Amino acid sequence: MNKATDVVDFKVENGIAWVKFNRPEKRNCMNPTLNRRMMEVLDELEYDDDVRVLVLSGEGTAWSAGMDLKEYFRETEAKGLRGVRQSQRESYGWFRRLRWFQKPTIAMVNGWCFGGGFGPLFACDLAISADEAKYGLSEINWGILPGGGVTKVVVDLLPMRDAMWLTLSGELIDGKQAAEMRLVNESVPLAKLEERVREVADTLLQKNPVALKFAKDAVRRVGTMTYDEAEDYLVRMQEAANFHDKTEGRKEGIRQFIDEKSYKPGLGSYKVDKK
Ligand code: ACO
């Protein structure tokens, strides 16, 4: 694939996969080509041992201007229900793949984020925004409800009044407001965005990768469980993590604290690569 024409750009450096929506001239809105390409890129990166954290950002002034109104809606609708369902499967498919991605993921929101863009925003485990970024559920502005999971995203992430305001007003909020609402973790000036995301990624790079995967899944799963179900699930998941973690990190973490006295778990991570 020619990098210059690839609608998803990516590079892997020092454990971090930097993935970018790359249709800047169309404000990175998601057409079927981009949705298919994103699935391929996630496929390529997910089990690559060189990748320990994934960062998703956008080329140019947008993070993503949502679904492509021409190619994703109008042109697929012209193909009838078969076309519509296919394009839905392709977009929802990679959003889901990203939600349950093997490695922790960070949305680095550099600019516009509209409508369908809330799908990948939610799919990322963490989100760091530029103050200058602008978020909006513009669906109501062109006569539809926020579909494709978007209404579920805002209800899961936000208090009801904020979710309702964004949904009904179609008004924009900036990065700082998004952080106040907890739509994102934090917001920093655009000039500092990449530096801050690198710091956050570095924090994750120091942790046990198996523990990260089980912990991120647990946070997404337990919300709909009763307390007893969650308690049981978490016991089983820790046991499964012990099986998958061939480094026996849990024992090593205890050893470095109790025997070696080389770190304090309350103050930082044990040395993951030391054995
Ligand atoms: N679908 C299709 N084309 C789009 C989209 C989109 N979502 N967003 C931008 N584009 C295209 C424009 O049509 C334009 O194409 P052209 O150069 O061939 O004329 C090009 O991208 C640049 O867009 P401009 O509007 O000229 O860029 P500007 O920087 O002035 O504005 C903004 C950016 C505010 C993002 C504007 O493009 C916009 O409102 N886009 C639509 C946002 C939206 O409502 N998305 C849908 C959300 S709902 C959903 O996802 C289900």
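Preceding this section is the structure that the text describes.
The following refers to the structure shown. These figures come from a predicted structure and were not determined experimentally. (Residues numbered from 1 in each chain as written. Predicted model: local features only at pLDDT ≥ 70, side-chain atom pairs only at ≥ 80, totals over all residues. Heavy atoms only, no water.)

Section: the overall build of the protein chain
Of regular secondary structure, the protein chain possesses eleven helices and ten strands. The C-alpha atoms of the protein chain give a radius of gyration of 20 Å, which matches the 19 Å a tight globule of 275 residues would have. Along the longest, intermediate and shortest principal axes, the C-alpha atoms of the protein chain span 65 × 45 × 40 Å. Expressed as a percentage of contacts within the protein chain between residues at least 6 apart in sequence, the contacts between residues at least 24 apart total 69%. Counting only carbon and sulfur atoms, one obtains 55% of the accessible surface of the protein chain, whose full area is about 14900 Å². (Helix = DSSP H or I, 4+ residues; strand = E, 2+ residues; numbered from the N terminus. Rg over C-alpha atoms; globule rule 2.2 N^0.38 Å. Contact = heavy atoms within 4.5 Å. Areas by Shrake-Rupley, 256 points an atom, 1.4 Å probe, with all protein chains shown as cover.)

Details of the packing of aromatic side chains
Taken as a whole, this structure holds eight aromatic pairs when the rule is applied. Through a chain of ring-to-ring contacts, three or more aromatic side chains come together here, namely Phe21, Trp63, Trp94 and Phe95. A cation over a ring is seen here: arginine 220 above phenylalanine 122, with NZ or CZ 5.0 Å from the ring centre. Sitting above the plane of the tryptophan 100 ring, arginine 221 keeps its charged end 3.9 Å from the centroid. (Phe/Tyr/Trp six-rings, centres within 6.5 Å; stacked < 30°, edge-to-face > 60°. Lys NZ or Arg CZ within 6 Å of the ring centre and 35° of its normal.)

A few points about the environment of glutamate 252
Here glutamate 252 lies in helix α11 (residues 249-258). On the basis of relative accessible area, glutamate 252 is assigned to the buried category, the value being 5%. Taking the C-alpha atoms as reference points, glutamate 252 and tyrosine 270, separated by 18 residues in sequence, lie 8.0 Å from one another. Of the polar contacts made by the side chain of glutamate 252, one reaches the side chain of arginine 255; its length is 2.9 Å. (Buried < 20%, exposed > 50% of the residue type's maximum accessible area, 1.4 Å probe, protein only. Polar contact = N/O pair within 3.5 Å; in protein donor to acceptor, adjacent residues only side chain to side chain.)

A closer look at the side chain of serine 129
Residue placement: serine 129 occurs in strand β7 (residues 126-130). For serine 129, a relative accessible area of 0% puts it in the buried group. Among all residues touching serine 129, those that are not within four sequence positions of it are Val109, Tyr135, Gly175, Val184, Glu186, Ser187, Val188 and Leu193.

Here's the deal with the pattern of salt bridges
Inspection of every chain in the model, using the stated rule, returns 22 salt bridges. A salt bridge links glutamate 252 to arginine 255, with the shortest nitrogen-to-oxygen separation between them at 2.9 Å. Of the two residues, glutamate 252 and arginine 255 both sit in helix α11, three residues apart, roughly one turn of that helix. With relative accessibility at 31%, the residue arginine 255 sits in the partly exposed group. Of the charged contacts, one joins arginine 255 and glutamate 260 as a salt bridge, the two residues approaching to 3.2 Å between their closest N and O atoms. On the basis of relative accessibility, which here comes to 30%, the residue glutamate 260 falls in the partly exposed class. A single network of salt bridges, built from pairs that share partners, joins Asp6, Arg37 and Glu40. (Salt bridge = Lys/Arg side-chain N within 4 Å of Asp/Glu carboxyl O.)

Points about the pairing of strand β3 (residues 53-58)
In summary, the side chains of a regular strand alternate between the two faces of the sheet. In terms of residue burial, β3 counts as a mostly covered element, since six of its six residues are buried. Here β3 shows two buried faces, one formed by Val53, Val55 and Ser57 and the other by Leu54, Leu56 and Gly58. Note that strand β2 (residues 16-21) and β3 share six bridges and pair parallel. Along β3, the bridge assignment pairs tryptophan 18 with valine 55. Two strands pair when backbone bridges link them, and β3 and strand β5 (residues 105-109) are joined in this way by three bridges, in the parallel orientation. Opposite valine 55, over in β5, you have isoleucine 106 as the bridge partner. (Pairing = 2+ DSSP bridges.)

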